[in-house]
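# Residue-level structure breakdown
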Amino acid sequence: MKKQLYMIDTTLRDGAQSPGISFSKTDKIEIAKALEKVGVYQLEAGIPAMGASEKEAILAIKDVCKKSLIAAWNRLNIKDIQHSVDCSPDIIHISVPVSDLQVYQKLQKDRLWLKKEMLACVDYALEKGFFVTIGFEDASRADLAFMIEMGTVLQELGVKQLRFADTVGILTPHTTQIKVRSLIEYTGLDIEFHAHNDLGMAVANSIAAARAGASFIDTTINGIGERTGNCDFYQFIKAAHSFYDIMTEELAAKEMVQLLEINLHREKD
Amino acid sequence: MKYLMQLIYFSGVRRMIRIIDNTLSCLDSYHASPHDLYQLLESLLKLPTTYIEMSASVYEKLISLKTLPPNRKYLLHVVSAMQADRHPGLAGYIMPAESFGKMGNAVYEINFKNMDNFVFDEKCVQGLRIVGFAERMAKEIEQEIIDILASKEKFEFCPKNDYFCATALAFEWCRLGGQKIVASFSGIGNQAGLEELLMALHLENLYELKGDLSCCTEIKHCLERIVGQNIAPNKAVIGEAIFAVEAGIHVDGIVKNPSIYEPYPPEFVGNKRQIVMGQYSGRNAVLAKMKELQIPENGVDLIKLVELLQHKSLVLQKNLTDAEFANLVRLVK
């Protein structure tokens, strides 16, 4: 029996952040429809906190998509989550920077603050009746023991799905396996793996994560995304479909990618 | 606990790795000029590799210009003993070994010491090359590599990229003790990317780079000339646009400390950071750009500017050039 993997697409969020990519509302709806057609489990539709036009797009996507779960991405603050609530997404995803570099230098806070803030945000979203997933940002450079501690707290709150983000793309298959496996073993959470391609290993690391027990894999169309991009959707399906029960077919994926070529041309300066 | 111990044990111990750069074995279909090939060779020599491998056809073109730069080991990729006969004096001769059959989807090539003797024995053979394993990433690849290396044969590995895992396979081979690994610049020839492998080995502290990888820009231009096509702007390590950043959250982090969002500094690979103005640029990104363009902050309504920027890039469906952005700033003064 092949293990089941659930595909999570972040073309409309991480992909959209890619310099040179600019999606109109129509583009986003077309992309969302195509992704749903191919059987993607979850679509990260955008960041409501960005403003009215972003929210409009997310609401429009919610309107046309009836099978794929629609997720809204949030930074670690209540205001962002309030904007998400306005869009009534199926999932509220809260990004929690978890490496010391991110916490101490980017946020200029500390671990204690982080834990309290995470609890407050999760509580708020859960109380509003939403399904919450958490993303450990820069997890690949974070202290494993600290992630296990935070993960355990989440598990106790009833959060089930945790994104492990290799935000700077420095993992290799072996380090991916160790970290993902440890998190699963010590927290019992379902892991969603989010790769970046800075070492040309996004696909390989995503496969390693699946082998280590991750159930969800984040990808984008054509691998667009920050810097070298995310794990490429079609490449991952091609590489993994004979070994896993993925909810999309290789042929369907290829067809869809061709359909979306026109929307995703990178800008040439 | 066991996993944490593994993590400690396997990292950060410099390995005895010999890298074979076979970029020049992958260019026969491009009909490159001897001059372009020689330029490429000279720039490839700047990378910390042990062997440069080339096809017989490329070798003949190069030596028609002048002798190869000294103080390097050159391998010749040949298809027959006759081809090798014409070019004595090189460090090794790589020949396909069809009679060996296949290992799953992988084929074998043999690395012969010299062209006097193509007998498969200890004295004549300096390596047995496995070419392929593209599909192995999803299987028990770690154990497979360990078993192959335990056999004590002189194995070389040239992973193929049919399933986009060649660089990872190459890295795993090196991490687990493989001493000879074959890769090509930009992964040309459906292989592991040499620059990706070097960067990964460097970041994991398994290999000494003796400098940085800034020569990659020069190599890239030489190769693009020969291939007649630009390397993808988002290609790992060498893509032109991989340090372009737009999203406010990322720009904010980078301004505070670049290593927050960069795996390696742009300068390390001969590139430069670019702050790009678009839909996702926030207040801090806009400020950083104004500072870069030396546009004074005072009197500028930042909130209005960000709004206008979002709107304009949505309407234009692209990022704004520096000139377009400067115009926008004038509108909100």
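Residues numbered from 1 in each chain as written. Chains lettered and ligands numbered in written order. Predicted model: local features only at pLDDT ≥ 70, side-chain atom pairs only at ≥ 80, totals over all residues. Heavy atoms only, no water.

Chain B appears in an unreviewed UniProt entry as Homocitrate synthase NifV from Propionispira arboris.

Where an unreviewed UniProt entry is consulted, chain A appears under the name Homocitrate synthase NifV, with the organism given as Propionispira arboris. UniProt, in its Sequence similarities (unreviewed entry) section for chain A, records the words "Belongs to the alpha-IPM synthase/homocitrate synthase family." (UniProt positions renumbered as here; feature names shortened; annotations may be inferred.)

### Side note on the nonpolar core
I94(A), I134(A), F136(A), L24(B) and M54(B) are the most contacted members of the largest nonpolar core, which totals 168 residues. Built from parts of two domains, this core gets at least three residues from each of domain 1 (2-227) and domain 2 (244-331) of chain B. Those residues in contact with I94(A) that sit more than four places away from it in its chain are N74(A), R75(A), L76(A), I81(A), C121(A), V122(A), V132(A), T133(A), I134(A) and G135(A). (Core = buried A, V, L, I, M, F, W, Y, C linked by side-chain atoms within 4.5 Å. Buried < 20%, exposed > 50% of the residue type's maximum accessible area, 1.4 Å probe, protein only. Domains from an automatic or database assignment. Contact = heavy atoms within 4.5 Å.)

### Things to note about the packing of aromatic side chains
Centre distance and the angle of the planes are the two values used to describe a pair of aromatic rings. Counting across every chain of the model gives 7 aromatic pairs over all chains. Aromatic side chains F164(A) and F193(A) sit 6.0 Å apart centroid to centroid with 25 degrees between the ring planes, which places their arrangement in the stacked category. Linking F164(A) in strand β6 (residues 161-165) with F193(A) in strand β7 (residues 190-194), this pair joins segments that are 29 residues apart in sequence. Each member of the pair F164(A) and F193(A) is classed as buried. One aromatic cluster is present, built from ring pairs that chain together Y6(A), Y41(A) and F216(A). Over the ring of F146(A) we find R111(A); its NZ or CZ atom is 4.5 Å from the centre of that ring. Looking at R136(B), its charged tip hangs above the ring of F133(B), at a distance of 4.4 Å from the centre. (Phe/Tyr/Trp six-rings, centres within 6.5 Å; stacked < 30°, edge-to-face > 60°. Helix = DSSP H or I, 4+ residues; strand = E, 2+ residues; numbered from the N terminus. Lys NZ or Arg CZ within 6 Å of the ring centre and 35° of its normal.)

### What about the UniProt feature "domain: Pyruvate carboxyltransferase" (unreviewed entry) in chain A?
According to UniProt, the positions carrying the feature "domain: Pyruvate carboxyltransferase" (unreviewed entry) are residues 5-257 of chain A. Along residues 5-257 of chain A, the helical share is 47% and the strand share 19%, with 20 Å between the first and last C-alpha atoms.

### Let's talk about the pattern of salt bridges
Should their charged atoms come close, side chains of opposite charge can pair. Residue and element names in this part refer to chain A. Considering all chains together, one arrives at 34 salt bridges over all chains under this definition. Among the salt bridges present, the one from R163 reaches E44, with a minimum N-O distance of 2.7 Å. Highlighted residues: R163 in strand β6 and E44 in strand β2 (residues 42-46), separated in sequence by 119 residues. Given a relative accessible area of 2%, R163 falls into the buried group. Residue class for E44 comes out buried when judged on its relative accessible area of 0%. The network of salt bridges with common partners includes R13, D14, E44, R163, E192 and D218. (Salt bridge = Lys/Arg side-chain N within 4 Å of Asp/Glu carboxyl O.)

### Quick notes on the packing of helix α6 (residues 166-175) of chain B against helix α7 (residues 194-203) of chain B
Residue and element names in this part refer to chain B. Where α6 contacts α7, the two axes come as close as 9 Å, and the packing angle between them is 45 degrees. Compared by their axis directions, α6 and α7 come out oblique. The two elements α6 and α7 cross, and the hand of that crossing is right-handed. Seen from α6, the contacting residues are T167, A170, F171 and C174; seen from α7, they are E196, L197, A200 and L201. A per-class count over the contact of α6 with α7 returns 6 nonpolar, 1 polar and 1 charged. (Axes fitted to C-alpha atoms, helices over the stretch in contact; angles between N-to-C directions. Parallel < 35°, antiparallel > 145°, perpendicular 65-115°, else oblique. Left-handed = near helix turned anticlockwise from the far one by under 90°. Nonpolar A, V, L, I, M, F, W, Y, C, P; charged D, E, K, R; others polar.)

### Notes on the domain arrangement of chain B
All names here are of chain B. Examined at the domain level, chain B breaks down into domain 1 (2-227) and domain 2 (244-331). Taken together, the contact between domain 1 and domain 2 spans 9 residues of the former and 6 residues of the latter. Both sides of the domain 1 and domain 2 interface together cover about 550 Å² of buried area, and 70% of this is carbon and sulfur. Here domain 1 and domain 2 share 0 salt bridges between them. Broken down by element, the residue count for the side of domain 1 that touches domain 2 peaks at 3 residues, all from α7. (Buried area = accessible area lost by both parts, 1.4 Å probe.)

### A short note on the confidence of the model for chain B
Per-residue confidence for chain B gives a mean pLDDT of 90, with 95% of residues at or over 70. Here the predicted complex scores 0.94 on pTM and 0.95 on ipTM. (pLDDT = per-residue confidence, 0-100.)

### Section: the environment of I110(B)
Residues and elements named next belong to chain B. Residue placement: I110 occurs in strand β5 (residues 107-112). Taking relative accessible area as the criterion, I110 reaches 5% and is therefore assigned buried. Considering only alpha carbons, one finds I110 and L76, 34 residues apart in sequence, at a separation of 11 Å. Look past the residues within four positions of I110 in its chain and what remains in contact with it is Y93, I94, M95, A97, F100, F120, V125, G127 and L128.

### Overview of helix α10 (residues 233-240) of chain A
Residue and element names in this part refer to chain A. In terms of residue burial, α10 counts as a mostly covered element, since 6 of its 8 residues are buried. Buried residues of α10: F233, Y234, F236, I237, A239 and A240, and no others. If you check the start of α10, you find a side-chain oxygen 2.9 Å away from the backbone N of Y234, and it comes from D232. (Polar contact = N/O pair within 3.5 Å; in protein donor to acceptor, adjacent residues only side chain to side chain.)

### Comments concerning empty space enclosed by the protein
Residues and elements named next belong to chain A. Enumeration according to the criterion identifies 4 cavities of 30 Å³ or more in this entry. Residue lining of the largest cavity: 18 residues in total, with R13, D14, W73, E137 and T167 positioned closest to the centre. Per-element tally for the lining of the largest cavity: the top contributor is strand β5 (residues 131-137), with 3 residues. Of the residues contributing to the lining of the largest cavity, the split by class is 5 nonpolar, 8 polar and 5 charged. (1 Å grid on protein atoms, 1.4 Å probe; cavity = no way out; pocket = protein on both sides within 12 Å on 5 of 7 lines; lining within 4 Å. Points joined across faces, edges and corners; volume = space filled by probe spheres on them.)

### Here's the deal with the interface of chain B and chain A
On the side of chain A, 55 residues touch chain B, which itself brings 58 residues to the contact. When chain B packs against chain A, the two sides together hide about 5000 Å² of surface, and 60% of this comes from carbon and sulfur. Viewed at the interface, chain A and chain B are joined by 1 salt bridge. Between R211(A) and E140(B) there is a salt bridge, and its shortest N-O distance comes to 2.8 Å.

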